[in-house]
Amino acid sequence: LLIGHSLVLRAILIRIGVSTSYANLLAAIFVLYPNRLFGTLLPFSDVSFSLFWMTAFGLVLASNRSPRSLILPSLAGMWAGTAALIRSAGLLYLSPLLAGILVSASEGKGRRALLFIAFSATMLIPWSARNFFLFGTLVPVSTNAGYNLLIGNNPMSGAGWNRYVDTSSAVAAALRDAGGKDWSEVQRDSFYARLAAANILQSPGTTTARAGLKVARTLGTDGYSFGLLETYTNAREITIDMVKDSPRPRGLRRFVWALYSVYYQIIFILGGAFYYVLAGLTLQGLWAERHRRRDAWWVMILLLLCVILVVSLTFGLSRYKEPISAALLVYLGTRLSQTREQDGRRSADSRDASDDRGRRGRGC
């Protein structure tokens, strides 16, 4: 899945005007980005969600540059709808992609927006219909929104994850007192959402301050690795489990632990370096384009706002900024294509000026 999407990314970048060499480089970075590459070792949703959303982003940009194509906005809708099925927050993240179509200066954007919405719905409707028949109410994707909301907004909540709902006797007692012993998933989740809303209303100042910490923690690091999706290093725990029962000599066990720890820390540092370099280049580009505001600019800004909203309401883990780390590469590709266009125009203007001088010289 990772390699396939990197090849699709390369094709999209070339289609929107990126040179082949830069498209190869960005596609290689996409595959080798440490957290994404190692995140494929375990079947968590973060990597696949990021892959599908990133591809939908590229297809939206390609559609804007080929306005007569009907297949490109349709594929963008299918990929965006699939991303929303993988992670329910993807429903919110449909809005930046739709905005990317609507702000385009190319013709037929209304038709392309309708195709995008229709094919996104095509992916979502069957699962939503299944949920309706199962629970008797509209549940677009999943039944854990209230659960996550309560985890992120409770008396024990910090900037990161905690297992408050699972471990709190107070929540269990409140659920039992409300008669929720035989409730369905949807009814329990609505109950969790009401408890979370009560906590927010009871201490809005604390909630706002904690939301700022969540956003800073999420966007400030790219710290989960090896598919464990944690914001702290887990090298010690993994390595101790690997060697604590080993019959080999104690010195060898220590050497193995040290070697593994150093290797892990190198990957950890490389992952951070990738993230900070790509994020810095993207912020520089967004600032430079603040007056021109092309389609990719709007998608990135709205995506960032969506991530901030989700993190503020739930909890702060670096995994929750996905798909930003993948979208950075697509945005940087558009910057490279613009640079190429500008170089081409300057070259053409230079040739025209040279031809004019030559004609004037011959006329004299």
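Everything below is about the structure printed above this text.
So, here is what we can say about the structure in this document. (Residues numbered from 1 in each chain as written. Predicted model: local features only at pLDDT ≥ 70, side-chain atom pairs only at ≥ 80, totals over all residues. Heavy atoms only, no water.)

**Let's talk about the overall build of the protein**
Okay, so step 1: Regarding its fold elements, the protein presents 16 helices and 0 strands.
Okay, so step 2: Residue burial in the protein is summarised as follows: out of 364 residues, 46% are buried.
Okay, so step 3: Across the protein, every contact between residues at least 6 apart in sequence was considered, and the portion connecting residues at least 24 apart equals 74%.
Okay, so step 4: Counting only carbon and sulfur atoms, one obtains 65% of the accessible surface of the protein, whose full area is about 18,500 Å². (Helix = DSSP H or I, 4+ residues; strand = E, 2+ residues; numbered from the N terminus. Buried < 20%, exposed > 50% of the residue type's maximum accessible area, 1.4 Å probe, protein only. Contact = heavy atoms within 4.5 Å. Areas by Shrake-Rupley, 256 points an atom, 1.4 Å probe, with all protein chains shown as cover.)

**Structural notes on unusual backbone geometry**
Okay, so step 1: Note the cis peptide between Glu322 and Pro323, where omega equals 15 degrees.
Okay, so step 2: Looking at the secondary structure, you find Pro323 in the loop between helix 15 (295-313) and helix 16 (324-363).
Okay, so step 3: The residue Arg293 is not glycine, and still its phi comes out positive at about 50 degrees.
Okay, so step 4: With respect to the helices, strands and loops of the structure, Arg293 is situated in the loop between helix 14 (250-288) and helix 15.

**Some points on the layout of surface pockets**
Okay, so step 1: Of the pockets and cavities examined, the largest pocket occupies roughly 780 Å³.
Okay, so step 2: What lines the largest pocket is a set of 32 residues, and nearest its centre among them are Ser88, Ala89, Asn144, Ala145 and Asn148.
Okay, so step 3: For the lining of the largest pocket, the secondary structure elements donating two or more residues are helix 5 (71-86), helix 8 (145-152), helix 11 (185-202) and helix 15.
Okay, so step 4: Partitioned by chemical class, the residues of the lining of the largest pocket number 21 nonpolar, 7 polar and 4 charged. (1 Å grid on protein atoms, 1.4 Å probe; cavity = no way out; pocket = protein on both sides within 12 Å on 5 of 7 lines; lining within 4 Å. Points joined across faces, edges and corners; volume = space filled by probe spheres on them. Nonpolar A, V, L, I, M, F, W, Y, C, P; charged D, E, K, R; others polar.)

**Structural notes on the nonpolar core**
Okay, so step 1: Phe30, Trp53, Phe57, Tyr93, Leu97, Phe116 and Tyr192 are the most contacted members of the largest nonpolar core, which has 74 residues in total.
Okay, so step 2: Counting residues per element, this core draws most heavily on helix 4 (residues 45-65), at 12 residues. (Core = buried A, V, L, I, M, F, W, Y, C linked by side-chain atoms within 4.5 Å.)

**Considerations on the side chain of Ser63**
Okay, so step 1: Mapped onto the elements of the fold, Ser63 is located in helix 4.
Okay, so step 2: Residue Ser63 is classed as buried on the basis of its relative accessible area of 0%.
Okay, so step 3: In this structure, Ser63 is in contact with Leu72, Pro73 and Arg112, ignoring residues within four places of it in sequence.

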